[in-house]
Amino acid sequence: MSDWNAQTIAEFRANAGRVGGVFEGAPLVLLHHRGRKSGREFVSPVMYLPHDTQPDIIYVFATRGGASTNPDWYYNLAAAGGGSVERGTDAYPVTVRELPGAERDRVYAEQARRYAGFAEYERQTAGVRTIPVLELSRA
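The notes below deal with the structure included here. (Residues numbered from 1 in each chain as written. Predicted model: local features only at pLDDT ≥ 70, side-chain atom pairs only at ≥ 80, totals over all residues. Heavy atoms only, no water.)

### Re the side chain of His-32
Piece 1. Inspection of the secondary structure assignment puts His-32 in strand S1 (residues 28–34).
Piece 2. Judged by its relative accessible area of 12%, His-32 falls in the buried class.
Piece 3. Polar contacts involving the side chain of His-32 include one to the side chain of Glu-41, which spans 2.6 Å.
Piece 4. Not counting residues within four places of it along the chain, the set of residues in contact with His-32 comprises Arg-13, Glu-41, Phe-42, Val-43, Leu-77, Gly-83, Ser-84 and Glu-86. (Helix = DSSP H or I, 4+ residues; strand = E, 2+ residues; numbered from the N terminus. Buried < 20%, exposed > 50% of the residue type's maximum accessible area, 1.4 Å probe, protein only. Polar contact = N/O pair within 3.5 Å; in protein donor to acceptor, adjacent residues only side chain to side chain. Contact = heavy atoms within 4.5 Å.)

### What about the environment of Val-60?
Piece 1. Here Val-60 shows up in strand S3 (residues 57–61).
Piece 2. For Val-60, a relative accessible area of 0% translates into the label buried.
Piece 3. Aside from chain neighbours lying at most four places away, what touches Val-60 is Val-29, Val-46, Met-47, Tyr-48, Trp-73, Pro-132, Val-133, Leu-134 and Leu-136.

### Some points on the pattern of salt bridges
One side chain can pair with another of opposite charge once the charged atoms of both are near each other.
Piece 1. Overall, the coordinates contain eleven salt bridges when judged by the stated rule.
Piece 2. The partner of Arg-97 in a salt bridge is Glu-103, and the shortest N-O contact between them spans 2.7 Å.
Piece 3. With relative accessibility at 34%, the residue Arg-97 sits in the partly exposed group.
Piece 4. With a relative accessible area of 26%, Glu-103 lands in the partly exposed category.
Piece 5. With a shortest N-O distance of 2.7 Å, Glu-110 and Arg-113 are connected by a salt bridge. Within this pair, Glu-110 and its partner Arg-113 are both found in helix H3 (residues 101–114), separated by three residues, close to a single helical turn.
Piece 6. What you see here is one network of salt bridges that share partners, running through Asp-56, Asp-90 and Arg-138. (Salt bridge = Lys/Arg side-chain N within 4 Å of Asp/Glu carboxyl O.)

### A closer look at the pairing of strand S2 (residues 41–50)
Piece 1. Counting buried positions along S2 yields seven of ten residues, so the element is predominantly enclosed.
Piece 2. The sheet contact formed by S1 and S2 spans seven bridges and is antiparallel. The residue bridging His-32 from the neighbouring strand is Val-43, located in S2.
Piece 3. In textbook terms, the turn of a hairpin is the stretch between consecutive antiparallel strands, and for S1 and S2 this stretch comprises six residues, one of which, Gly-39, has a positive phi near 80 degrees.
Piece 4. Taking the residues between adjacent antiparallel strands as the criterion, S2 and S3 are bridged by six residues. (Pairing = 2+ DSSP bridges.)

What follows is the structure, encoded as structure tokens:
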């Protein structure tokens, strides 16, 4: 795990889910996933979008900061069909569903409207890959 991730995770846990720096004021979860090859458990801090009406559903975005490939956590969650999250002081297992087509586009557009960096990630990956959006539902 990178020092940056370790520092963000420690700050998240010390402050009931709130962190400063680039994530200050943004909704953040710690995403627990098991390596599909190694079997090791990993924790990744990621921004999320809450569902409009269902508090037990959130959306996460496999942006990898606009890189040309998906992050490892995306492949791990997709392969396993689930994982768990720490959200504030709550921790719970989740099931995973990748959003298709127009549903994905609608949710991603809302995240990009709220956080300009997500619009930039989409511009950076245009013609290379479509950034996956995963729906995480409390199991």
